[in-house]
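Structural overview for review
One-letter residues, chain by chain:
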Amino acid sequence: SQQGEEDPQALSIQEGENATMNCSYKTSINNLQWYRQNSGRGLVHLILIRSNEREKHSGRLRVTLDTSKKSSSLLITASRAADTASYFCALYGGATNKLIFGTGTLLAVQP
Amino acid sequence: EPEVTQTPSHQVTQMGQEVILRCVPISNHLYFYWYRQILGQKVEFLVSFYNNEISEKSEIFDDQFSVERPDGSNFTLKIRSTKLEDSAMYFCASKAGGSWGEQFFGPGTRLTVL
């Protein structure tokens, strides 16, 4: 299955701490994307990393990709209560146009 | 900033009824998608649409489902005879041609089948 598996399933941290979420997958990809979803709301695109990239930054977000291990991580630095949400990795295979979403990590940032 | 819009935000229907979920993708985008998310579960791909035809569909997208782009701006998902298990959040997404896969999602329509 191409599905991304994320861990941890849930993560609770204090404001100001860093949060790290991991995504593993099984097949080759064109790129990997991370999305955020606030409870019951839509999906917000955070960052896209291509298969030939190893690391990417956007503000407080840092994404790494290791295609040899078929894994990616999302690091949120200096977390804020407003970062509380579910975070999903999504695989884009290129041969098809669809995104395959992972199972998600529920992040709770305590003020 | 351009965004994908969806209407209605919440639709309640009786089992067996037909529903149409509407989406207005970003205007210069060429690829259109529907995904769904059953409460507490992951987001699942339903169908992709390009050049006025379905380019890919999942096993979920059976004969009860159809999509249409009737007027060059709207993109609709029709469920002909709803079932209880169709209750979910339905997301529309669009993508510009030639991009690497960044899809822009709408806020979703929560469908409740009673």
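Structural data are supplied above this passage.
About the thresholds
Residues numbered from 1 in each chain as written. Chains lettered and ligands numbered in written order. Predicted model: local features only at pLDDT ≥ 70, side-chain atom pairs only at ≥ 80, totals over all residues. Heavy atoms only, no water. Helix = DSSP H or I, 4+ residues; strand = E, 2+ residues; numbered from the N terminus. Rg over C-alpha atoms; globule rule 2.2 N^0.38 Å. Buried < 20%, exposed > 50% of the residue type's maximum accessible area, 1.4 Å probe, protein only. Contact = heavy atoms within 4.5 Å. Lys, Arg positive; Asp, Glu negative; His and termini not counted. Salt bridge = Lys/Arg side-chain N within 4 Å of Asp/Glu carboxyl O. Pairing = 2+ DSSP bridges. Axes fitted to C-alpha atoms, helices over the stretch in contact; angles between N-to-C directions. Buried area = accessible area lost by both parts, 1.4 Å probe. Polar contact = N/O pair within 3.5 Å; in protein donor to acceptor, adjacent residues only side chain to side chain. Nonpolar A, V, L, I, M, F, W, Y, C, P; charged D, E, K, R; others polar.

**Things to note about the overall build of chain A**
Within chain A one finds zero helices and eleven strands. Secondary structure of chain A in N-to-C order comes out as β-β-β-β-β-β-β-β-β-β-β. In terms of overall size, chain A behaves like a compact globule, its C-alpha atoms giving a radius of gyration of 13 Å where 111 residues would be expected to give roughly 13 Å. Relative to its 111 residues, chain A shows a buried fraction of 46%. Across chain A, contacts joining residues at least 24 apart in sequence account for 55% of those joining residues at least 6 apart.

**Re the side chain of B:Asp86**
Residues and elements named next belong to chain B. Mapped onto the secondary structure, Asp86 falls in the loop between β8 (75-79) and β9 (88-95). Of the side chains with opposite charge, Arg36 lies nearest to the buried Asp86, which makes no salt bridge, at 4.2 Å. Setting aside anything within four residues of it in sequence, one finds Asp86 in contact with Arg36, Phe65, Ile79, Ser81, Leu111 and Val113.

**Points about the sheet that holds strand β1 (residues 5-7) of chain B**
The strands making up a sheet are joined through hydrogen bonds of the backbone, oriented either antiparallel or parallel. All names here are of chain B. Pairing within the open sheet is antiparallel, and its four strands lie in the order β1-β3-β8-β7. A single partner strand is all that each edge strand has here, and the edge strands are β1 and β7 (65-68). Averaged over all pairs of adjacent strands, the angle between strand axes in this sheet comes to 20°, irrespective of strand direction. With five bridges connecting them, strand β3 (residues 19-24) and β8 associate as antiparallel partners. Across the sheet, Leu21 pairs through a bridge with Leu77, a residue of β8.

**Observations regarding the side chain of B:Gln37**
The residue B:Gln37 is located in strand β4 (residues 31-37) in this model. Discounting residues that sit within four places of it in the chain, B:Gln37 has contacts with A:Gln37, A:Phe88, B:Lys42, B:Val43, B:Ala88, B:Met89 and B:Phe91.

**Concerning the pairing of strand β5 (residues 43-50) of chain A**
Remark: a regular strand shows side chains that alternate across the two faces of the sheet. All names here are of chain A. Burial within β5 is extensive, with six of its eight residues counted as buried. In the sheet, strand β4 (residues 31-37) pairs with β5 via seven bridges, with the strands oriented antiparallel. Looking at the pairing, Tyr35 lines up with His45 of β5. Linking two consecutive strands that pair antiparallel, namely β4 and β5, is a turn of five residues; a positive phi of about 70° is found at Gly40 within it.

**Regarding the sheet that holds strand β3 (residues 19-24) of chain A**
All names here are of chain A. With respect to topology, five strands assemble into an open sheet ordered β1-β3-β8-β7-β6, the strand pairing being antiparallel. Edge positions in the sheet fall to β1 (5-7) and β6 (55-58), since each has one partner strand and no second. Put simply, the sheet's adjacent strands are angled 15° from each other on average, direction ignored. As defined by bridge partners, β3 adjoins strand β8 (residues 71-76) across six bridges and the pair is classed as antiparallel. Paired with Thr20 across the strands is Leu75, a residue of β8.

**Brief notes about the pattern of salt bridges**
Summed over all chains, the structure comprises six salt bridges over all chains. Close ionic contact of B:Glu56 with A:Lys98 constitutes a salt bridge, the shortest N to O distance being 3.0 Å. Taken as a pair, B:Glu56 in strand β6 (residues 53-57) and A:Lys98 in the loop between β9 (85-92) and β10 (99-101) lie in two separate chains rather than in one. A:Lys98 carries the same exposure label as B:Glu56, and that label is buried. When the shortest N-O distance is used, the salt bridge between B:Arg36 and B:Glu44 registers 3.3 Å. Assigned by exposure class, B:Arg36 and B:Glu44 land together as buried.

**Some remarks on the interface of chain B and chain A**
Each partner contributes residues to the interface: chain B has 19 residues there, and chain A has 22 residues. When chain B packs against chain A, close to 1,800 Å² is buried across both sides, 57% of that on carbon and sulfur atoms. Here chain B is connected to chain A by one salt bridge. On the surface where chain B and chain A come into contact, there are five residue pairs in polar contact (both at pLDDT 80 or more). Mapped by element, the contributors of at least two residues to the side of chain B that touches chain A are β4, β5 (43-50) and β9 of chain B. Examining the composition of the side of chain B that touches chain A, we find that four residues originate from one element, β4(B), more than from any other. When the residues that make up the side of chain B that touches chain A are grouped by side-chain class, the tally is ten nonpolar, four polar and five charged.

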